[in-house]
Amino acid sequence: PHAHSFLLKEIALERVRREEKKRASERALLEELIEKKYDQKDAACALELTRSAGTGLLSSFRAENLLQASYARYRPKDLLEKFDSVDYPIDLVAKYQRHAFYTESTLRAIAYDAEHKIGPAEAGAKVAEIVARETHERWETSRKRRQLICSILEAQGLEQKLIQIMYEYEVD
């Protein structure tokens, strides 16, 4: 009986330690966002809305993307130029972010859905498909450019220059 009681107390203490560690981690994530100049209330809301359904963990990365997609005041300049300065309800944006993830993809999914009326999940999937195609096209263009440079240098007997360029290309 004494060993059983001891084990139950240790299990309870371990639960308390883990919960304290989790709360400390969550406070640190909130502080991280506040240090990046996000409003405390906005940051706390975004952290909760992006809490992992599977693990229950918070992510400042997901929260920051949600804040930038929701509020124009948090968007980087390049995204303001692409998507204007429209604010969206954060709880609505969270539905799109679950499927689109990054700030730009989330904003693209919202715009796509506004035009096609297919809902957050389908809009997010469609944007993911579009982004994958665009990425493949960029990689293919880059591959062709690299292949052309290699052909030109080889034709001129500049293999050493080719090796140097390939190394710099890989490092960059």
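Residues numbered from 1 in each chain as written. Predicted model: local features only at pLDDT ≥ 70, side-chain atom pairs only at ≥ 80, totals over all residues. Heavy atoms only, no water.

**Focus: the nonpolar core**
Turning to step 1, where the next piece is worked out: If you look at the biggest cluster of nonpolar residues, it comprises 28 residues, and the most contacted ones within it are L47 and L67.
Turning to step 2, where the next piece is worked out: Of all the elements in the fold, those that place two or more residues in this core are α1 (2–35), α2 (40–49), α3 (60–70), α4 (77–83), α5 (90–100), α6 (103–116) and α7 (120–155).
Turning to step 3, where the next piece is worked out: Here the element with the most residues in this core is α5; it accounts for five residues.
Turning to step 4, where the next piece is worked out: What L67 contacts, discounting residues up to four positions off in sequence, is Y38, D42, A43, A46, Y74 and I90. (Core = buried A, V, L, I, M, F, W, Y, C linked by side-chain atoms within 4.5 Å. Buried < 20%, exposed > 50% of the residue type's maximum accessible area, 1.4 Å probe, protein only. Helix = DSSP H or I, 4+ residues; strand = E, 2+ residues; numbered from the N terminus. Contact = heavy atoms within 4.5 Å.)

**Points about α2**
Turning to step 1, where the next piece is worked out: Considered for burial, the residues of α2 that qualify are D42, A43, A46 and L47. Along α2, the residues classed as buried sweep out an arc of 130 degrees about the axis, all on the same side. Projecting away from the buried face of α2 at angles above 90 degrees are the exposed residues Q40 and K41. (Arc of directions from axis to C-beta.)

**As for the pattern of salt bridges**
Turning to step 1, where the next piece is worked out: Applying the stated criterion across every chain, the model contains twelve salt bridges.
Turning to step 2, where the next piece is worked out: R51 serves as the salt-bridge partner of E26, at 3.0 Å between the closest nitrogen and oxygen. Note that E26 is positioned in helix α1 and R51 in the loop between α2 and α3, a separation of 25 residues in sequence.
Turning to step 3, where the next piece is worked out: You can call R51 partly exposed: its relative accessible area is 25%. (Salt bridge = Lys/Arg side-chain N within 4 Å of Asp/Glu carboxyl O.)

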